[in-house]
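# Notes for the structure review
Below are the chains, spelled out letter by letter.
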Amino acid sequence: MPVPFTHSRVMNLAYVALMAALMAICAWITLPIGPVPFTMQTFAVFAALGLLGGKRGTLAVGVYLLLGLVGLPVFAGFAAGAGTLLGPTGGYLVGFLVSALVYWGLTARLGSGQKVMALAMVLGLVVCYAFGTFWFLQVYAGGGSAGTFLGALTLCVFPYVIPDLVKLALALLVARRVGKYVKG
């Protein structure tokens with residue numbers, strides 16, 4: 001027997017869909033600076049986690065990635081498909097899902113206070129950087145210094161740390177201000 005759709009279940013689906021759409025819109029806000037573009041995706045991912053919590057936020061990230069995988073142009077530069085996920089920057093996209101899982105795990109164990117959320121977001125960002133940088137090193141065919149660990153960090157991480165921390169702070173602010181209106 002199918003499970004009936006309750007009001008809260010429909011609202012949960014709507015929140016997840018809305019956050020996946022926000023990730024797509026924020027991916028389109030792009031400054032192409034090198035092999036990894038500067039986007040607002042990081043903000044959207046962590047805003048989804050802060051607003052929806054670990055479970056629904058992770059689901060929103062998964063939906064976003066699946067939308068791109070099946071061909072909808074939701075990634076930076078209106079890109080889509082498996083080629084994008086398997087390309088040099090795909091590790092950062094998949095890293096968003098790993099970050100969401102880290103966030104979910106930490107907030108499930110330690111609670112969802114502001115300090116825990118901030119810690120979980122920062123650790124999630126570090127995991128995303130690690131996952132994306134490792135992936136970049138495996139896939140990037142540009143050669144030169146970018147093929148070294150320090151070169152990859154110089155291209156893919158160092159220029160983004162301060163802007164990404166600002167995006168995390170903005171996501172925390174949005175979660176604190178708007179989160180009370182998002183029913184769980």
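All values reported here derive from a predicted model rather than from experimental measurement. (Residues numbered from 1 in each chain as written. Predicted model: local features only at pLDDT ≥ 70, side-chain atom pairs only at ≥ 80, totals over all residues. Heavy atoms only, no water.)

### Here's the deal with the overall build of the protein
- Along the backbone of the protein there are seven helices and two strands.
- Scanning the protein from its N terminus toward the C terminus, one meets helices and strands in the order α-β-β-α-α-α-α-α-α.
- For 184 residues, the compact-globule estimate of 2.2 N^0.38 gives 16 Å, and the C-alpha radius of gyration of the protein, at 16 Å, lies within 12% of that figure.
- Principal-axis analysis of the C-alpha atoms gives the protein an extent of 55 × 35 × 25 Å.
- Expressed as a percentage of the 184 residues in the protein, the buried residues total 41%.
- Put simply, 64% of the contacts in the protein that link residues at least 6 apart link residues at least 24 apart.
- Carbon together with sulfur atoms contributes 75% to the accessible area of the protein, which is approximately 9400 Å² in total. (Helix = DSSP H or I, 4+ residues; strand = E, 2+ residues; numbered from the N terminus. Rg over C-alpha atoms; globule rule 2.2 N^0.38 Å. Buried < 20%, exposed > 50% of the residue type's maximum accessible area, 1.4 Å probe, protein only. Contact = heavy atoms within 4.5 Å. Areas by Shrake-Rupley, 256 points an atom, 1.4 Å probe, with all protein chains shown as cover.)

### With respect to the side chain of T84
- By secondary structure assignment, the location of T84 is in helix α3 (residues 82–86).
- A relative accessible area of 18% means that T84 is categorised as buried.
- Residues in contact with T84, not counting those within four places in the same chain, are F75, A79, G90 and L93.

### Concerning the nonpolar core
- M23, Y64 and M121 are the most contacted members of the largest nonpolar core, which totals 48 residues.
- For this core, the secondary structure elements donating two or more residues are α1 (7–28), α2 (41–69), α4 (90–110), α5 (114–139), α6 (149–156) and α7 (161–178).
- In this view, Y64 contacts A20, M23, A24, A27, Q41, V74, F75 and L93; residues no more than four positions away in its chain are not counted. (Core = buried A, V, L, I, M, F, W, Y, C linked by side-chain atoms within 4.5 Å.)

### What to know about a nonpolar patch on the surface
- Together, I25, W28, I29 and F78 make up an exposed nonpolar region whose accessible area comes to about 410 Å².
- Inspection of the secondary structure puts I29 in the loop between α1 and β1 (30–31). (Patch = residues over 30% accessible without salt bridge, like charges linked within 9 Å, V, L, I, M, F, W, Y side chains within 5 Å. Salt bridge = Lys/Arg side-chain N within 4 Å of Asp/Glu carboxyl O.)

### Observations regarding the environment of G179
- Within the fold, G179 resides in the segment after α7.
- What makes G179 buried here is its relative accessible area of 19%.
- For the pair formed by G179 and F96, sequence separation is 83 residues and the distance between their alpha carbons is 21 Å.
- Those residues in contact with G179, other than ones at most four positions away along the chain, are L51 and V174.

### A word on the packing of α2 against α5
- With their axes 11 Å apart at the nearest point, α2 and α5 run at an angle of 140° to one another. In terms of orientation, α2 and α5 fall into the oblique class. Classified by chirality, the crossing of α5 by α2 is right-handed. Where α2 approaches α5, its residues T42, F46 and G50 are matched on the opposing element by M117, M121, G124 and L125.
- When its residues are assigned to classes, the contact of α2 with α5 shows four nonpolar, three polar and no charged. (Axes fitted to C-alpha atoms, helices over the stretch in contact; angles between N-to-C directions. Parallel < 35°, antiparallel > 145°, perpendicular 65-115°, else oblique. Left-handed = near helix turned anticlockwise from the far one by under 90°. Nonpolar A, V, L, I, M, F, W, Y, C, P; charged D, E, K, R; others polar.)

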